[in-house]
Every structure is written in structure tokens, then in C-alpha cells.
Amino acid sequence: MEQEEIKELRSDDNDPLFDKTNMLCKTFPSDFRQIRYFTLLIVQSAPNEIKELNLLEQQISEVIKNAVKHGNHCDINKKVVVWYSFSPTHAHLIVQDEGEGFKDLEKWNEFNRKRLECLHKQNFEELTNYVSFRTKQSDDQDGGNALFAALEYWNGGFVYNGKRNAVAMLKKFQQKRRGVNIDGE
């Protein structure tokens, strides 16, 4: 693709997004029925100045859902730990499960590269092969679509740890002051 940067999933234990300094922390059981409740417990800490609160809530819910479903396989005895920090200019989260980690990260990146190439070339016939990403563990509701959205939404980074059972993410919000956009940090 011409000069266009393709966003990819990465794995890096040393990424600064894994710094938990001054972050709040909550631990939840892997109860699929309570994901919305867990998400609301976290989002309630976000300041009112965040204009994209609904999108933020949706993204956080998806990451927790992936940890519960794919990481811990809905085993109620396994925990999901969420570290989080919010300000008017950022949302920073780290979500960790007790699973084996996202083993198909490289396969997902290759799938996404091909999907984006089809979109760029407007090859819609070939694009039908890249509608949803599936693994041997996938069920009918899985398709990797949450990861496509996550790479776009988390504009400050979206990175897995080395084991790939934790993901750190940062959203930078723009603020308006006196009619001028100021980039969030």
C-alpha cells in the first residue's frame, strides 16, 4: 500500500504502556454475564469531559470480553485484572487474563494486511475472504472485528505483553479550548 502505514498488533513486554504507576486496579471473575457491569465500574472513573464516552465504554467492554472468553475460557475461577487511568486528555488501560495468550497474533496481522490491501485496491470480490478472522478456537460470534476497531480507536497504542495474555492501550483525546483543538497527551 502506497506510503500508508499499516497498523499491526504488537507484543512487547518493555512497552511504556505497561507502566502501571498511578493507575487504579480492579480484579474480576471471568463471568461473561457481568462484563457490562465490570465495564461500568471502570468507566465511572472517567471524567465528564471525555466526549467519546460511549465509544470508550464499548472498547473497554470488548477487551474485557476477549479476556473472559478467549483468555480465561469463561472459567469463573480465573481472574481478569484491569488497571486504568483517565483524564480529560487520555484513557489508559491494561487488561490481563490468566490464559495462554493470543497465539495467532502474527496470523491476525497477516490477515489484516490482506484485508486492507483488498480494501485499498477495491478488490471487493477477494475482500469476501477477509470478512472475519477465525481460528480453531473460534465460535460463531468470533471474527476478529473488535481488534480491527481497537487498532483504530486506541490511537496512543495497543500492545500485548510477551506472553500475550495482557494488552495495554492508550487513547488520546483532543480537547477544544477557545475554539482551538489541542491534542491530548
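Look up a bit, the structure's there.
Procedures and definitions
Residues numbered from 1 in each chain as written. Predicted model: local features only at pLDDT ≥ 70, side-chain atom pairs only at ≥ 80, totals over all residues. Heavy atoms only, no water. Core = buried A, V, L, I, M, F, W, Y, C linked by side-chain atoms within 4.5 Å. Buried < 20%, exposed > 50% of the residue type's maximum accessible area, 1.4 Å probe, protein only. Helix = DSSP H or I, 4+ residues; strand = E, 2+ residues; numbered from the N terminus. Contact = heavy atoms within 4.5 Å. Axes fitted to C-alpha atoms, helices over the stretch in contact; angles between N-to-C directions. Parallel < 35°, antiparallel > 145°, perpendicular 65-115°, else oblique. Left-handed = near helix turned anticlockwise from the far one by under 90°. Nonpolar A, V, L, I, M, F, W, Y, C, P; charged D, E, K, R; others polar. Pairing = 2+ DSSP bridges.

Undergrad: Could you clarify how one ought to interpret the nonpolar core in this entry?
TA: Soluble globular proteins: nonpolar side chains tend toward being buried together. By size, the foremost hydrophobic cluster in this structure holds 41 residues, and its most contacted members are Leu93, Trp154 and Phe158. Broken down by secondary-structure element, the contributors of at least two residues to this core are helix H1 (35–43), helix H2 (53–71), strand S3 (79–87), strand S4 (90–96), helix H3 (105–120), helix H5 (145–153), strand S5 (157–160) and strand S6 (166–172). Here this core gets six residues from one element, more than from any other, and that element is H2. In this view, Trp154 contacts Leu56, Gln59, Ile60, Ala91, Leu93, Met169, Leu170 and Lys171; residues no more than four positions away in its chain are not counted.

Undergrad: I'm lost on H1 in this one. Help?
TA: Think of an α-helix as 3.6 residues a turn; residues three or four steps apart then line up on the same face. Burial in H1 covers these residues: Ile35, Phe38, Thr39, Leu41, Ile42 and Val43. Buried-residue contacts for H1 involve strand S2 (24–29), H2, S3 and S4.

Undergrad: What is the right way to look at the packing of H2 against H5 in this model?
TA: Think of two packed helices as two axes; the pair is described by the angle between the axes and how far apart they sit. Their axes nearest at 11 Å, the elements H2 and H5 cross at an angle of 130 degrees. When the interaxial angle is binned, H2 and H5 end up oblique. As H2 runs across H5, the sense of the crossing is left-handed. Taken together, the residues of H5 that come into contact with H2 (itself represented by Leu55, Leu56, Gln59, Glu62 and Asn66) are Ala146, Ala149, Ala150 and Tyr153. Counted by class, the contact of H2 with H5 contains six nonpolar, two polar and one charged residues.

Undergrad: Where do I start with the pairing of S5 in this structure?
TA: Moving residue by residue along a regular strand, the side chains alternate between the two faces of the sheet. Of the two faces of S5, the one carrying Gly157 and Val159 and the one carrying Phe158 and Tyr160 are both buried. Here S5 pairs with S6 via four bridges, running antiparallel. Bridged to Tyr160 within S6 is Val167.

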